[in-house]
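# Fold and contact review
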Amino acid sequence: MTSFTVINPTTATAVKEIELNDLIQTDQIINKAQKAFETWRHVSPGDRAKLLRKFATVVDTHIEELAQLEVLNSGHTIGNARWEAGNVRDVLNYYSAAPERLFGRQIPVPNGIDITFKEPLGVIGIIVPWNFPMPIAGWGFGPALAAGNTVVLKPAELTPMTAIRLGELAKEAGIPEGVFNVIPGKGSIVGERFVTNPLVRKIVFTGSTSVGKQIMRGCADQVKRVTLELGGKSANIIFADSDIELAAAGAPGAVFDNAGQDCCARSRILIQRSAYDKFMEKFEVAVKKFRVEDPALDTAEMGPLVSAGQLERVKEFVPDGTPIAFQGSKPAGPGFWFAPTVLAPKDTTDRAYREEIFGPVVSVIAFEDEADAIRIANDSEYGLSGSIWSRDIGKAIRVSRAVEAGNLSVNSNSSVRYWTPFGGYKQSGLGRELGPDALDAFTETKNVFFDTQK
Ligand code: NAD
């Protein structure tokens, strides 16, 4: 068995050795999950609901511990990390209402009765990235378990600690052995085995678009179900008739939260030309005030990047000599820090403007009118998220219908609520997570006709 050294991104020092599973161990755990499926699917709806509520309660009593673990492992600000642990609890509570409500339909037919059933799929393989280790795991395992499936979950190599702890908490809550299994390991070994092992009936993948495409190709061999949440390059569209002060005050958080390592980061700011100067003046003040500091402090608004590798990747987008409009601050000393950075490219051909950076870098570009804003916003292979700022409600509605993205907010930058759907257009993904319909992605619809004439 090989191991991986978890590094604290704030201090660049080693935290813990994590053992990585190999192919044989992965197959053994998948077999165990398959066996557990045969009993878990038959646990009565009320009992399954109770177990999920118990799991939520146990998570709730460990919020602070989980949050501190995420600060240590991922460099998330403590405020964010508490929200993230709370989100796991909330998702479990929300989907704990599902087992008793997995309704089918009774459809009128001649000479009989026709009923649909929502059947669980079997073992679900969840592959998680490093940017939001807790919520992204929960968005998969909450509805998957509620629908009667069992789960094998692979955390990202860099950030396995909270997932491992959630696995222990599930056992403490009484979730039966084999139902929820956390398998730390490499993507190329454990992740790929989820794709190739026929006992895994569905893959829930969140991560880069390139790995997502590879997984989708791999799933084709077995017509394996797959949901993908991939990258983004979301637009923050600010019209001159909006509350420019409010839009400027919110824009740093909309892109620099989690050090920009957020698939929903509004990393392109589209500002109407007539308000450009006013916006930039206010935005500069807000960026310079944005608190980049030890993420364990309650006042921190941004911490370090997750790893030395990610810091190098971000630096490649802003090589020495790049014209920078303005920058925020970063602490001196060890850790993987990159200061919030604002670029103002002349056109939309810049690599930093077009590609997902996954770091605290934003590009600001001017547009002329409504049609221009929509054209520029949609000129991207991605379509995950975005914001629209305007006091003209008709225009806000027209633009929000025209922008090709799965999660938009008007006069707000908030994208995620566990009870509303989340997912991407175009190369940002396939399928939707969260909300009332997520259970459809974890069940097969079975139709049965009963002949009443015989
Ligand atoms: P990544 O694609 O490298 O890795 C994601 C996960 O896939 C990790 O657990 C990794 O071990 C695993 N993996 C890697 N290669 C694999 C393979 N061949 N087969 C199976 N599994 C494999 O991405 P990352 O670097 O961890 O995360 C950053 C990326 O994720 C960004 O591009 C970001 O946009 C995207 N992301 C998207 C969303 C979303 O909801 N749309 C959310 C978070 C992150």
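Being a predicted model, the structure only gives us computed values, none of them experimental. (Residues numbered from 1 in each chain as written. Predicted model: local features only at pLDDT ≥ 70, side-chain atom pairs only at ≥ 80, totals over all residues. Heavy atoms only, no water.)

### Overview of the layout of surface pockets
- Considering only enclosed or pocket space, the largest pocket measures out at about 730 Å³ in volume.
- Around the largest pocket sit 36 residues that line it, and Phe205, Thr206, Gly207, Ser208 and Val211 are the ones nearest its centre.
- Contributing elements (two or more residues each) for the lining of the largest pocket: α7 (187-196), β8 (200-206), α8 (209-220) and α11 (308-317).
- Taken together, the residues that form the lining of the largest pocket break down as 16 nonpolar, 15 polar and five charged.
- By volume, the second largest pocket is sized at about 490 Å³.
- Lining the second largest pocket are 23 residues; nearest its centre among them are Trp83, Phe132, Asp257, Asp262 and Val416. (1 Å grid on protein atoms, 1.4 Å probe; cavity = no way out; pocket = protein on both sides within 12 Å on 5 of 7 lines; lining within 4 Å. Points joined across faces, edges and corners; volume = space filled by probe spheres on them. Helix = DSSP H or I, 4+ residues; strand = E, 2+ residues; numbered from the N terminus. Nonpolar A, V, L, I, M, F, W, Y, C, P; charged D, E, K, R; others polar.)

### A closer look at the domain arrangement of the protein chain
- Assigned domains within the protein chain: domain 1 (3-230 + 428-451) and domain 2 (235-417).
- For domain 1 and domain 2, the distance between their C-alpha centres works out to 30 Å.
- The partner domain 2 presents 31 residues to the 27 residues of domain 1 that form the contact.
- Summed over both partners, the interface of domain 1 with domain 2 buries about 2100 Å², with 62% contributed by carbon and sulfur atoms.
- In terms of surface lost to domain 2, no three residues of domain 1 exceed Thr10, Trp130 and Ser428, which account for 25% of the buried area on that side.
- Between domain 1 and domain 2 we count one salt bridge in total.
- Arg82 serves as the salt-bridge partner of Asp298, at 3.1 Å between the closest nitrogen and oxygen.
- There are nine residue pairs in polar contact (both at pLDDT 80 or more) connecting domain 1 and domain 2.
- Taken together, the elements giving at least two residues each to the side of domain 1 that touches domain 2 come down to β1 (3-8), α3 (63-74) and α4 (78-95).
- With four residues, the single largest contributor to the side of domain 1 that touches domain 2 is α4. (Domains from an automatic or database assignment. Contact = heavy atoms within 4.5 Å. Buried area = accessible area lost by both parts, 1.4 Å probe. Salt bridge = Lys/Arg side-chain N within 4 Å of Asp/Glu carboxyl O. Polar contact = N/O pair within 3.5 Å; in protein donor to acceptor, adjacent residues only side chain to side chain.)

### Describing the pairing of strand β10 (residues 235-238)
- Burial along β10 is two-sided: Ala235 and Ile237 and Asn236 and Ile238, pointing in opposite directions, are all buried.
- Note: β10 against strand β11 (residues 268-272), four bridges, orientation parallel. The partner of Asn236 across the bridge, within β11, is Ile269.
- Crossover handedness for the path β10 to helix α9 (residues 244-256) to β11: right-handed.
- Bridge count between β10 and strand β16 (residues 385-389): four bridges; the pairing is parallel. (Buried < 20%, exposed > 50% of the residue type's maximum accessible area, 1.4 Å probe, protein only. Pairing = 2+ DSSP bridges. Right-handed = clockwise from strand over helix to strand, strands pointing away.)

### Looking at the packing of aromatic side chains
- All chains considered together, the criterion is met by 12 aromatic pairs.
- Seen in terms of ring centroids, Phe55 and Phe180 are 6.0 Å apart; in terms of plane orientation they differ by 50 degrees. Their pairing is tilted. Remark: Phe180 occurs in strand β7 (residues 180-182) and Phe55 occurs in helix α2 (residues 45-60); sequence separation between them is 125 residues.
- Assessed through its relative accessible area of 0%, Phe55 is described here as buried. (Phe/Tyr/Trp six-rings, centres within 6.5 Å; stacked < 30°, edge-to-face > 60°.)

### A closer look at the site of the ligand
- Of all residues adjacent to the ligand, which total 28 residues, the nearest are Val128, Glu157, Ser208, Leu230 and Glu356.
- Between the ligand and Glu157 there is a distance of 2.7 Å, counted from an oxygen atom to a side-chain nitrogen or oxygen.
- Burial of the ligand by the protein chains amounts to 88% of its free accessible area of 850 Å².
- Mapping the ligand onto the cavity grids shows that it belongs to the largest pocket.
- For the shell around the ligand, the secondary structure elements donating two or more residues are α7, β8 and α8.
- Residue composition of the shell around the ligand, by class: 15 nonpolar, eight polar and five charged.
- A domain split of the shell around the ligand shows at least three residues from each of domain 1 (3-230 + 428-451) and domain 2 (235-417). (Near = heavy atom within 4 Å. Areas by Shrake-Rupley, 256 points an atom, 1.4 Å probe, with all protein chains shown as cover. Sits in = over half its atoms within 2 Å of the grid points.)

### Structural notes on the nonpolar core
- Core analysis: the largest hydrophobic core is formed by 50 residues, its most contacted members being Phe55, Phe141, Val151, Leu153, Ile175 and Phe180.
- If one sorts the elements of this core by residue count, helix α5 (residues 133-146) sits on top with eight residues.
- When residues of this core are assigned to domains, at least three fall in each of domain 1 (3-230 + 428-451) and domain 2 (235-417).
- Ranked by size, the runner-up nonpolar core spans 36 residues in total, among them Ile238, Met280, Phe290 and Val342. (Core = buried A, V, L, I, M, F, W, Y, C linked by side-chain atoms within 4.5 Å.)

### A look at the pattern of salt bridges
- Under the criterion given, the structure shown has 27 salt bridges.
- With a shortest N-O distance of 3.9 Å, Glu119 and Arg41 are connected by a salt bridge. In this pair, Glu119 is assigned in strand β4 (residues 112-120) and Arg41 in the loop between α1 (23-40) and α2, connecting sequence segments 78 residues apart.
- Residue Arg41 is classed as partly exposed on the basis of its relative accessible area, which comes to 28%.
- Here Lys395 ties to Asp241 by a salt bridge, and the two come within 3.1 Å at their closest N and O atoms. Here Asp241 lies in the loop between β10 and α9 and Lys395 lies in helix α14 (residues 393-402), a separation of 154 residues in the sequence.
- On the accessibility criterion, Lys395 (12% relative accessible area) is buried.
- Each member of the salt-bridge network shares a partner with another, and the members are Arg41, Glu119 and Lys446.

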